[in-house]
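Given next are the chains, with one letter for each unit.
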Amino acid sequence: MTSLDAGPRRVLSLSAAALVVLVAEPLYLLVDTAVVGRLGALPLGALAVGAVVLAQVSSLGTFLAYGTTARAARAFGAGRRDRAIAEGVAATWLAVFAGVVVIAVGQVVARPVAEALGSGGALADEAVDWMRIALCGAPGILVAMAGNGWMRGVQSTRAPVVVVLAGNGASAIACPILVHGAGLGLEGSAIANVGAQTVVLLLFVAALVRESVRLGVTLRPVPADLRAQLGLGRDLLLRSLAFQACFLSATAVCARFGTASVAAHQVVLQLWTFMATVLDSLAIAAQQLVGAALGASATSSLRDVTRRVTWYGLALGVVAGVVFAALAGVLPQVFTPDAAVLATIPAAWWFFVALMPVAGFVFALDGVLLGAADAAFLRRLTLSCALVGFLPAIWASLAFGWGLAGVWAGLSLFMLGRAVGVGLRARGDAWVVTGRA
């Protein structure tokens, strides 16, 4: 099959490989949540505060994955694999630089951030210790995003799967051993997390070095390539900041409703994150195929890819919604035995269930537009929906005492606004720009 083959088998093949990589981290976080949940509501609430901060590191690094995929895919479609690998080199250098900064800044701001999100007290004390250890894995998180970006761009499906499973699989085994067996408690969870990210970093760097040497691509940072990456990354970064503002606000508000609310939010949010990545696997396939087609100026396949991934996303979202509705009385008990937390979870659960089809539609078309490097539009849309829908609802929930249901109503407004925006954009032709980036 060629890089421009957009048939059902090719779409599903790329999606399946992306799915394994995408779900590896959320699956590990679900294991982490279940392991820590056995320690009680306080450690689980502290994990919620710390994990949402660590998630922002991944969110900030989104441009390293999506931006690199778009640029590498266009080069690959144009027959320039060496240029695609050069994009990977530039992205990896940016990941290392950013990761070192995150570690340094994170150690300084961990306490005030934990105090702000955890509303002080024992919850913040537990969270800050976890954060200071876990943030040491930031370079690995960001290098992994860059590595997945260039590998997706050249439509390499096996290598990212092997790398990510090796790191997260080892960590999933180590987490319960460190937390319960070694008696390290919540800090054991953070150590296991850093171990996974370090393994992944080393494996991705080794793969990049091998490919660069084979194609004669320099491993030194090239200023022009760094600037090009940052140019596309600016819009994706601003888009990520909108997500961060929303989800950090949601956690902060839930913490102020009490430990049970923030712990319940953590359980449902981790399931949301897990399903978002499952649905996003189709978006990754769309990015690869759309980028390659635009690089080769083969626009005839674009509409076919768009229709196919949209219908697949909707269907997958409907199935997911039905499954989670059926498991409403059973699945939450896997994550916590705490009666107060279990009683609070339904306030968010049914929003989560109803949003599954909407998420399938949104993430599929996000992938199409990201593959076309239509980052400026996606940035404007995300910021608008965050400022008009999600953020006002979150803070109104605190002001009027709407609780967890108000926070998840805000997420619903956010997703519905994005659905309208990407749907209208995909119907037009403004995003169809051919040629190598």
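As shown above, the structure is provided for reference.
Small disclaimer: the values here were computed from a predicted structure and weren't measured.

A. Region of the structure containing the packing of aromatic side chains. The final tally for this structure, using the stated rule, is nine aromatic pairs. With a centroid separation of 5.6 Å and 35° between ring planes, the pair formed by tryptophan 93 and phenylalanine 97 is classed as tilted. Of the two residues, tryptophan 93 and phenylalanine 97 both sit in helix α4 (residues 81-118), four residues apart, roughly one turn of that helix. Of the residues examined, phenylalanine 97 reaches a relative accessible area of 43% and is grouped as partly exposed.

B. View of unusual backbone geometry. For glutamine 155, which is not glycine, the phi dihedral falls at a positive 55°. Relative to the helices and strands, glutamine 155 resides in the loop between α6 (138-153) and α7 (158-181). By relative accessible area, which is 9% here, glutamine 155 ends up buried.

C. A nonpolar patch on the surface, seen in detail. On the surface, a cluster of nonpolar side chains totalling about 270 Å² of accessible area is made up of Leu60, Leu237, Leu238 and Leu241. When residues in the nonpolar patch are grouped by element, the largest group, three residues, is from helix α9 (residues 223-256). Tracing the chain through its elements places leucine 241 in helix α9.

D. Expanded view of the packing of α9 against helix α10 (residues 259-295). At their nearest, the axes of α9 and α10 sit 8 Å apart, and the two run at 150° to each other. The angle between the axes of α9 and α10 places the two elements in the roughly antiparallel class. Of the two possible hands of crossing, α9 and α10 adopt the one that is right-handed. Mapping the contact onto sequence places Phe247, Ala250, Thr251, Cys254 and Ala255 in α9 and Ser261, Val262, His265, Leu269 and Trp272 in α10. The class makeup of the residues in the contact of α9 with α10 is seven nonpolar, three polar and no charged.

Conventions and cut-offs
Residues numbered from 1 in each chain as written. Predicted model: local features only at pLDDT ≥ 70, side-chain atom pairs only at ≥ 80, totals over all residues. Heavy atoms only, no water. Phe/Tyr/Trp six-rings, centres within 6.5 Å; stacked < 30°, edge-to-face > 60°. Helix = DSSP H or I, 4+ residues; strand = E, 2+ residues; numbered from the N terminus. Buried < 20%, exposed > 50% of the residue type's maximum accessible area, 1.4 Å probe, protein only. Patch = residues over 30% accessible without salt bridge, like charges linked within 9 Å, V, L, I, M, F, W, Y side chains within 5 Å. Areas by Shrake-Rupley, 256 points an atom, 1.4 Å probe, with all protein chains shown as cover. Salt bridge = Lys/Arg side-chain N within 4 Å of Asp/Glu carboxyl O. Axes fitted to C-alpha atoms, helices over the stretch in contact; angles between N-to-C directions. Parallel < 35°, antiparallel > 145°, perpendicular 65-115°, else oblique. Left-handed = near helix turned anticlockwise from the far one by under 90°. Contact = heavy atoms within 4.5 Å. Nonpolar A, V, L, I, M, F, W, Y, C, P; charged D, E, K, R; others polar.

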